[in-house]
Amino acid sequence: MSENKPKQDAGKVFLEEVTGQSEEAQRLKGWRKTGRTLVVPLLAIFTGLVFGAIFIVVTSEDVYAAFRVSFGTGMAAVWKTIIQSYQALFTGALGDPARIVAAFQSGNPLEIRRAVNPILESLVNATPYIFAGLAVALGFRSGLFNIGVEGQLFMGAAAATAVGIFVKGLPQIIHAPLAFLAGALGGALWGFIPGWLKAKTGAHEVINTIMMNWIAFRLTEWLLSGPLTRPGSGGLPISPIIEKSAEIPQFFPPPIRFHLGFFIALAFAYAVHWLLFKTTWGFDLRTVGANPNAAKYAGMNITKNIVLAMTLSGALAGMAGANQILAVNRSMALGLSPGYGFDSIALALLGNSTPMGVVLASLLFGALRNGATRMELLYIPNDIISIIQALILAFVAAPAIIRTIYRIRVPKEAEEAVFTGSWGGGSK
Amino acid sequence: MATSTIVIHRKVEIISPTRQRVTGIVEVLLGVLIFLFSRRAEPGMVARFVMTPGGLDRGAAPDWIVPAYATLLVLAILAVGLGLVQIFRGFGRWMNLVLSVVVALFVFAFLTWATAGKSLNLVGMLSAAVLLGVPIILGAFSGVLSERAGVVNIAIEGMMLMAAMVGALVGSVTKNMWIGLLAAVLSSMLLALIHGVLSIHYKINQIISGTVINIFSTGLTSFLSAKFLQTYQQLNNPPIFPRIPIPLLADIPVIGPLFFNTNLFVYIMLIALIVIQVALFSTRWGLRLRAVGEHPKAADTLGINVFATRYMAVLLSGLMAGIGGAFFTLGSVGRFDEMMTAGKGFIGLAAMIFGNWTPLGAFGAGLLFGFADSIATKLTILGTGIPTQFMAMSPYIVTMIVLAGVVGRGQMPAADGTPYEKE
């Protein structure tokens, strides 16, 4: 079974990192290389959707009713259910093509906006995914498994909410960035603690970030029913609405929620790319991630890099929370996240821990989440998306499954992302 | 068989002077806190602890009346005294035991303070703690079994959630709780098998594999719940396991109501504790399993089938998580709600770490965490003004402190989390 995952020669990786040869080589190979790296994720997404379809059919009462009539009607019902569901998913995510064309022909700006709103809404859904996915990807690149994105996101949201409520009388150009920054700091703190503990005591960040998640949930629960509670909410854990000046602006009048945060997320994706691949800092981070021993020999400060990476990762996760408060929800409640934290692990893997890949994966997941709301009209609960996401995550993490299903040859060089070693790997 | 000659080397733990001092200071601080409690209780105030849980007449004991002020003072002096001895002389290898005694004193002092001038059903609270602890402890056993064989299992939460739903569904359809329990356990073991295939066969990162199962099972249970269980109430109305008093033992005061006059899951938990503890540490089977978790290559060389052992451990881990999950629907609430495990699987993971990867330790930690939960619910009734959320947070904080090595570092299996590659 050892041929499933070719072992990466750590020394070679380090040499390539130092000389920059590997990236040069990647660039030379060009399209063939890109094609090969895209095959597995694309097939994983496709297979995930196929399994999703099977699942929808198996749980559809109409299908069972039709099979009771005759086998032919049953098969027809199966086909109809699949087409209907995925059509709903598609139009829910990207809009109805006929309607968009008609709207553009009529030239009515209001109608155009309404017709393209599903796409815009998908982008709104993708925004927190981009931030959260970047957080996990940055961790992966530095050899750290930040499973605490959910908690960092909650702390970021809480910090942003606090600044959004209690700071008054500032112009929007100062107040909104300040609240956003507070969110980043809240998340950064929640990332810093496990990072520092790992660097100083060797306590594994996976356990600590899980623990920090639950501490964050309880803490926000208390905040929202205590210091941050909305007056007159009757004990419901919900915050007041933030000041107008703290809002990240939306571009169009409601109900269209498309907002500036999406572009901020793209800017941060570029910033993370720049940090990781164009700066010495990023080089250090990646080297520590790829091979801590080599990094130590090269005189890099591992402690500093671990703390730095976890803090930055936490800050990005905090931004996801701040973005949701300042740009979308405008007040904080406990149902803030439909599981961004765990989904972001899937995003980072799907995007092979590159910022560009994370953005693409986020757009996909945002579209799926958004399209699922349309599927609910067909009595398909939107939790189907979580099932599909889990399957995609499994297939991306274990490319061997996909290769077995589609009989693809194993590529010569390793393509799996680099992860932390063992549970106790940090305790040396 | 040569396998029985494997010796697993463990580092002899040397207690550093710094740690001794830190522990001592912590104990003194706890003592000072108890003293501060005593300032809030007026002399003459009594705390009344009811020792018979409501609705039960077996195992009754007279109420326990404690003078608050005097008790708190005595407890404070004891704690500070032990702390000072710890700082200046040290208790050596008894250090952790003394620390837990001081923590217990502190908890008792806290309860006395909170109850001063009121009354509290102590046995009722403890029996709630045991029941709250059941899923945590079974989850922790689940973790112990798989991690001792070198497979990290963060999917306990997902397995429990799945078992809870399947138990409710099958129990309702068949109107038979035993079939419900069986189905719950099988569903959880199926997830465990997937975890095994992904992490042992495909060698994907075990934490990612666990995450896959958590996301999948959250999605699947919420999907089925929204589509069927909420619409058709008859699908979500399973029979519940009744209270089964054990003859004679149930009449023992305090212990009887807690452990011997309750539900099947508590008995399963107690039996599992003994079986796993003995099997892991006193049988050849356990030695092999631990060898696979500590040094798979050595184990392989000596003829142990590493892959088979790991699969077996992961399946048993699924079995434990399945029973723990079934407890939610078949043992306590009697219906399934989305996300009803509410992080109990993760606290189980914490209890496992806190209990230093041993069943006995995990059992103690799980009881402690269950106790923290039950205090949290009682706090609101006693009106101490301390937010319940902080009480609920304490297991997580305590686990982080343990993990950081402040009160003695746990010793995780050496090969925990690393896939085994046969060469």
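Residues numbered from 1 in each chain as written. Chains lettered and ligands numbered in written order. Predicted model: local features only at pLDDT ≥ 70, side-chain atom pairs only at ≥ 80, totals over all residues. Heavy atoms only, no water.

Visitor: Even after reading the chapter, I still don't get the overall build of chain A, so can you show me in this structure?
Guide: A tally of helices and strands in chain A yields 18 helices and 0 strands. Counting only residues that meet the buried cut, chain A has 55% of its 428 residues in that class. Taking the contacts inside chain A whose residues are at least 6 apart along the sequence as the reference set, 76% of them involve residues at least 24 apart. Of the roughly 18,900 Å² of accessible surface on chain A, a fraction of 66% belongs to carbon and sulfur atoms. (Helix = DSSP H or I, 4+ residues; strand = E, 2+ residues; numbered from the N terminus. Buried < 20%, exposed > 50% of the residue type's maximum accessible area, 1.4 Å probe, protein only. Contact = heavy atoms within 4.5 Å. Areas by Shrake-Rupley, 256 points an atom, 1.4 Å probe, with all protein chains shown as cover.)

Visitor: Please explain a nonpolar patch on the surface as it appears in this structure.
Guide: All names here are of chain A. Together, F46, V50, F51, I54, V58 and Y64 line one region of the surface with nonpolar side chains, adding up to about 550 Å² of accessible area. Looking at the nonpolar patch element by element, the count peaks at 5 residues for helix α3 (residues 31-58). Locating V50 in the fold gives a position in helix α3. (Patch = residues over 30% accessible without salt bridge, like charges linked within 9 Å, V, L, I, M, F, W, Y side chains within 5 Å. Salt bridge = Lys/Arg side-chain N within 4 Å of Asp/Glu carboxyl O.)

Visitor: Got a minute to help me understand the domain arrangement of chain B in this structure?
Guide: Residue and element names in this part refer to chain B. Domain annotation for chain B reports domain 1 (17-117) and domain 2 (130-406). Computed from C-alpha coordinates alone, the two centres of domain 1 and domain 2 are separated by 31 Å. Taken together, the contact pairs 14 residues of domain 1 with 20 residues of domain 2. When the two sides are added together, the surface that domain 1 and domain 2 hide from each other amounts to roughly 1,300 Å², 70% of it contributed by carbon and sulfur. Applying the counting criterion to the domain 1 and domain 2 interface returns 0 salt bridges. Scanning the region where domain 1 abuts domain 2 turns up 0 residue pairs in polar contact (both at pLDDT 80 or more). At the level of elements, α1 (17-40) and α3 (95-115) are the ones that each hand at least two residues to the side of domain 1 that touches domain 2. In terms of residue count, α3 provides more of the side of domain 1 that touches domain 2 than any other element does, 5 residues in total. Across the side of domain 1 that touches domain 2, the residue classes break down as 11 nonpolar, 1 polar and 2 charged. (Domains from an automatic or database assignment. Buried area = accessible area lost by both parts, 1.4 Å probe. Polar contact = N/O pair within 3.5 Å; in protein donor to acceptor, adjacent residues only side chain to side chain. Nonpolar A, V, L, I, M, F, W, Y, C, P; charged D, E, K, R; others polar.)

Visitor: Help me understand the nonpolar core, please; the structure alone is not making it clear to me.
Guide: The nonpolar side chains of soluble globular proteins are, as a tendency, buried together. Residues I147, I210, L326 and I384 of chain A together with F141 and F265 of chain B are the most contacted members of the largest nonpolar core, which totals 210 residues. With 16 residues, the top contributor of residues to this core is helix α7 (residues 109-141) of chain A. Not counting the four nearest positions on each side in its chain, F141 of chain B is found in contact with M269, A272, L273, I276, M320, P359, A362 and F363 of chain B. (Core = buried A, V, L, I, M, F, W, Y, C linked by side-chain atoms within 4.5 Å.)

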